[in-house]
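# Remarks on the overall topology
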Amino acid sequence: MKIAIAGKGGVGKTTISGTLCRILGRSNNEVLAIDGDPNPNLSVVLGIDKNAKMPPSLSTDIIERVEEAEGKWKFQVKMPFPEIMSTYGQKAPDNITLLMVGKPEIAGTGCMCGSHTVVRELVHSALSSGDSQITVLDTEASLEHMKRGTSRYVDKIYTVVEPYYRSLEAASRFADMAKQLGIKKVEAIGNKVRNEEEKMAITEYCQKIGLPIAVFVPFDENVMEADLKGISVIDHNKDAPSVKALETFAATLWN
Ligand SMILES: Nc1ncnc2c1ncn2[C@@H]1O[C@H](COP(=O)(O)OP(=O)(O)O)[C@@H](O)[C@H]1O
Ligand SMILES: [Mg+2]
């Protein structure tokens, strides 16, 4: 099962991706969490100790340029994916391994490609190899990483939406992009919902654009309190309303 979480900056992608990983990991799934954001912060939600030893940073020298056919070149990751995981993956609580791909260093050697190429190729490598795990990709606020046919390995993409117009509009754009990339299942996650009126606003908009809503996650003080302490909401209060909503959602993932 491979899913991607998309949406405008600040809507709650990382909170939702990370909490979902924890929930899935706690029910005995082996989870691969990919942080695709150039400002990575998934590790906090995953509950990784701030003082834990970090794996080496990924850099552009992990990519090579190979000749495909006459005069045609392509970029590819040099290592098999399991080796990438054992070298660059970071063990997190609850059966999760985190791979941070969003901010590769530019090496003086190697393919001389840009960091975008590295992210794209790594996401491709992660999504196209092995099927034993659940993979959750926390995207940056664009679907750039998923060009190059990667989308065919993604089972579902969720676009996170807050109950205000610009966020709804952005969700509609993400949904269109995802469909253009060939991802068949695109659904919305309504986040930071405070009341029925806000729920209705999201429901009406999504109905209009034909976007199914997978779950509503309430606006939750616990998320803010956890943020203030620099910890994850599930570690702050495992019975927080947002965690409960995501537990219900996680149980329906295979439907
Ligand atoms: N359900 C929620 N209730 C309250 N605050 C939330 C909720 N979800 C996310 N937040 C807050 O919104 C902000 C952005 O969340 P984040 O997950 O970092 O978004 P993104 O990854 O999309 O940029 C954070 O301050 C986070 O604490
Ligand atoms: Mg984020």
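The present account deals with the structure reproduced in this document. Note on numbering: residues in each chain are counted from 1, in written sequence order. Naming scheme: in the order in which they are written, chains are lettered from A and ligands are numbered from 1. Local features in this predicted model are restricted to residues whose pLDDT is 70 or higher, and side-chain atom pairs enter the listing and the counts only when it is 80 or higher, whereas totals over whole chains, interfaces and linings include all residues.

## Looking at the overall build of the protein
Rule in force here: The way it works is that DSSP assigns letters per residue, a run of H or I at least four long becomes a helix, a run of E at least two long becomes a strand, and they are numbered from the N terminus. For a compact globule the rule gives 2.2 Å times the number of residues to the power 0.38, and the radius of gyration it is set against comes from C-alpha atoms. Buried residues are those with 20 or more other C-beta atoms within 10 Å of their own C-beta, exposed residues have 12 or fewer, and partly exposed residues lie in between; C-beta atoms are placed from the backbone. Here, residues touch in the contact sense if the C-beta positions derived from the backbone fall within 7 Å of one another.
Tallying secondary structure elements over the protein gives nine helices and 10 strands in all. For a compact globule of 255 residues, the expected C-alpha radius of gyration is about 18 Å, and the protein comes in at 18 Å, within 12% of that figure. When its C-alpha atoms are laid out on the principal axes, the protein stretches across 60 × 40 × 30 Å. Every one of the 255 residues in the protein was classed for burial, and the buried ones make up 44%. Looking at the protein alone, contacts between residues at least 24 apart form 75% of all its contacts between residues at least 6 apart.

## As for the environment of Thr14
On the secondary structure map, Thr14 appears in helix H1 (residues 13-26). Overall, Thr14 belongs to the buried group, with 22 C-beta atoms counted inside 10 Å. Apart from residues no more than four positions distant in its own chain, Thr14 is found in contact with Asn41, Leu42, Val45 and Asp138.

## A few points about helix H9 (residues 241-251)
Each turn of an α-helix holds 3.6 residues, which means side chains three or four residues apart point in the same direction. Rules: Throughout, the arc means the angular range of directions from the helix axis out to the C-beta atoms.
Looking at H9, one finds that the buried residues are Ser242, Val243, Ala245, Leu246 and Ala250. Viewed along the axis of H9, the buried residues span an arc of 160°, placing them on a single side of the element. With respect to the buried face of H9, the exposed residues turned more than 90 degrees away are Thr248 and Ala251. Of the surrounding secondary structure, the elements contacted by the buried residues of H9 are H1, strand S10 (213-218), helix H7 (221-229) and helix H8 (233-236).

## Quick word on the site of ligand 1
Defined as follows: Near, as applied to residues and a molecule or strand, means the residue's backbone-placed C-beta atom lies within 6 Å of it. Polarity classes work like this: nonpolar for Ala, Val, Leu, Ile, Met, Phe, Trp, Tyr, Cys and Pro, charged for Asp, Glu, Lys and Arg, and polar for all others, with Gly in that last group.
In the vicinity of ligand 1 there are 17 residues, among which Gly12, Lys13, Thr14, Thr15 and Val223 approach most closely. Residue assignment for the shell around ligand 1 shows that the elements contributing at least two residues are H1, strand S9 (185-193) and H7. Across the shell around ligand 1, the residue classes tally to five nonpolar, eight polar and four charged.

## Some thoughts on the packing of H1 against H9
The cut-off we apply is this: Every axis in this analysis is a line fitted to C-alpha atoms, fitted for helices over the stretch in contact. Angles between the N-to-C directions lie between 0 and 180 degrees. Handedness of a crossing is defined here by the sense of rotation of the near helix relative to the far one, left-handed for an anticlockwise turn of less than a right angle and right-handed for a clockwise turn.
Closest axis-to-axis distance for the H1/H9 pair is 10 Å, and the angle between their directions is 65°. As H1 packs across H9, the resulting crossing turns out to be right-handed. Each of Ile16, Thr19, Leu20, Ile23 and Leu24 in H1 lies in contact with H9, whose residues at this interface are Val243, Leu246, Glu247 and Ala250.

## Digging into unusual backbone geometry
In this model, Asp94 sits at a positive phi of 65°, which is unusual for a non-glycine residue. Within the secondary structure, Asp94 sits in the loop between strand S5 (90-92) and strand S6 (96-100). Look at Asn95: it is not a glycine, yet its phi comes out positive at around 75°. Assignment of secondary structure puts Asn95 in the loop between S5 and S6.

## With respect to the pairing of strand S1 (residues 2-6)
Heads up, the rule is: Pairing between strands is defined by DSSP: at least two bridges between them are needed.
Across the five residues of S1, four count as buried, placing the element largely inside the fold. As defined by bridge partners, S1 adjoins strand S7 (residues 134-138) across four bridges and the pair is classed as parallel. Each residue of the ladder has a partner; that of Ile3, found in S7, is Val136. Relative to strand S8 (residues 156-161), S1 runs parallel, the two being bridged by four bridges. Its bridge partner lying in S8, Ile3 is registered against Lys156.

## Concerning the pairing of strand S3 (residues 63-69)
As paired strands, S3 and strand S4 (residues 72-77) are joined by six bridges and run antiparallel to one another. Each residue of the ladder has a partner; that of Arg65, found in S4, is Phe75. Where S3 folds back on S4, the antiparallel hairpin that results is connected by two residues, among which Gly71 adopts a positive phi of roughly 75°.

## Focus on the environment of Leu246
Structurally, the position occupied by Leu246 is in helix H9. Not counting residues within four places of it along the chain, the set of residues in contact with Leu246 comprises Ile16, Thr19, Leu20, Ile23 and Val217.

## Focus on the sheet that holds S10
Reading across the sheet, the eight strands line up as S5-S6-S2-S7-S1-S8-S9-S10 and stay open at both edges, with mixed pairing between neighbours. Two strands close off the open sheet at either side, each with one partner strand: S5 and S10. Within this sheet the neighbouring strands show an average axis-to-axis angle of 25°, counted without direction. Across five bridges, strand S2 (residues 31-35) lies against S7 in parallel orientation. Bridge pairing in S7 places Asp35 opposite Asp138. Along the sheet, H1 contacts S1, S2, S6, S7, S8, S9 and S10; its crossing angle with S7, the most-contacted strand, is approximately 165°.

Scope: geometric values only; no functional claims are made or implied.
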